[in-house]
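Each chain, letter by letter, is given below.
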Amino acid sequence: GTVALVAVFFAPVIICLEAEQMTLFVLLGLALFVHLEKSRPVLAGAALSLVMLKPHLLLIFLMLAALEVIRRRQFAIIGGFLGGFAAMNVIGATMSPHIWSDYLHSMGAEGVQNQFLPNLANATRLLLGSRLLWPMAIPATVALVWALWYWRQHRTGWHWSDRMPVIAAVSVLIAPYSWPYDQVLFWPAILRAYPSASRASRMVLVVLNLAAIAVTLRVRNLGNLLYLWTGPAWMLWCVWVWRGAADAQRERRAQAEASAGAL
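Computed from a predicted model, the values in this text were never measured in an experiment.

Participant: Give me the lowdown on the side chain of Ser 178, citing residues and values where you can.
Facilitator: Relative to the helices and strands, Ser 178 is located in the loop between α10 (160-174) and α11 (187-193). Here Ser 178 falls in the buried class, since its relative accessible area comes to 5%. A polar atom in the side chain of Ser 178 sits 3.2 Å from the side chain of Asn 119. Excluding anything up to four places from it in sequence, Ser 178 contacts Leu 57, Leu 117, Asn 119 and Val 172.

Here it is, written out as structure tokens:
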């Protein structure tokens, strides 16, 4: 099916480009991994190493990828991943010999634990009125249990082209440290859901996208509460479309069986 401009010009993509962030390279790594996983496993693993630019965004995905690679004994992917990660470190160290010490120092100086980031984990912490960090782990714990169940249910016919979009979306949704520009990782789920979306659900996406763009134009601080709704909104829209498509497929199957029985 066709994909409209509203799905192509996805608001988080615009935010990511404006903020000059690297999350699009993480997305590139996911796309190349899915494309090369069967035909060129070493290159697929090397592409997957791009995820390590921001591994905290895809912990659920990395866990399932490890389980699936081990289950299939795809050791070439592991080799490609380790080689790609080593190459990234060598290039980084060559350009800046103190890159790791500078990184650790900046992380400590930033005081992330005292910041409010507009995501589901921080919203949970805010709702519970806690100054502690443990409430932020609640969404991740729920997602971890769901991910293991999901993998067990579908591992027999597991295809990354089918599973990556939803796994990446859930991973970034529950990430404790994420910003609005990191929501570009919802893009595969949006693009995959759009062709099967009804006219009403497509109009809802238009409204959500315009609202997110309006927030971006209005608010320059990416840590503003006005961004809090965007991640859950993208996830709920995809779930709505997927459930509608599944219900329609079941209805068509039931009608076909009823017609065959009548004959």
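On we go.
Participant: Break down a nonpolar patch on the surface for me, with residues and values.
Facilitator: Residues Leu 128, Leu 132, Trp 134, Ile 138 and Val 142 make up a contiguous nonpolar surface patch of about 520 Å² in total accessible area. With respect to the helices and strands, Leu 132 occurs in the loop between α8 (120-127) and α9 (137-154).

Participant: Could you give an account of helix α2 (residues 11-19), with specific residues and numbers?
Facilitator: Taken residue by residue, α2 has Ala 11, Pro 12, Val 13, Ile 15 and Cys 16 as its buried positions. A positive phi of about 55 degrees marks Glu 20, the residue just after α2.

Participant: Tell me about the packing of aromatic side chains, and please be specific about residues and values.
Facilitator: Applying the stated criterion across every chain, the model contains nine aromatic pairs. Relative to Phe 61, the ring of Phe 33 has its centre 6.3 Å away and its plane inclined at 90 degrees; by these criteria the two rings are edge-to-face. Of the two residues, Phe 33 sits in helix α3 (residues 23-36) while Phe 61 sits in helix α5 (residues 59-72), which places them 28 residues apart along the sequence. For the pair shown, Phe 33 and Phe 61 are each scored as buried. Here the aromatic cluster, defined as three or more aromatic residues joined through ring pairs, consists of Phe 33, Phe 61, Trp 146, Tyr 150, Trp 158 and Trp 160.

Reading the values: the criteria
Residues numbered from 1 in each chain as written. Predicted model: local features only at pLDDT ≥ 70, side-chain atom pairs only at ≥ 80, totals over all residues. Heavy atoms only, no water. Helix = DSSP H or I, 4+ residues; strand = E, 2+ residues; numbered from the N terminus. Buried < 20%, exposed > 50% of the residue type's maximum accessible area, 1.4 Å probe, protein only. Polar contact = N/O pair within 3.5 Å; in protein donor to acceptor, adjacent residues only side chain to side chain. Contact = heavy atoms within 4.5 Å. Patch = residues over 30% accessible without salt bridge, like charges linked within 9 Å, V, L, I, M, F, W, Y side chains within 5 Å. Areas by Shrake-Rupley, 256 points an atom, 1.4 Å probe, with all protein chains shown as cover. Salt bridge = Lys/Arg side-chain N within 4 Å of Asp/Glu carboxyl O. Phe/Tyr/Trp six-rings, centres within 6.5 Å; stacked < 30°, edge-to-face > 60°.

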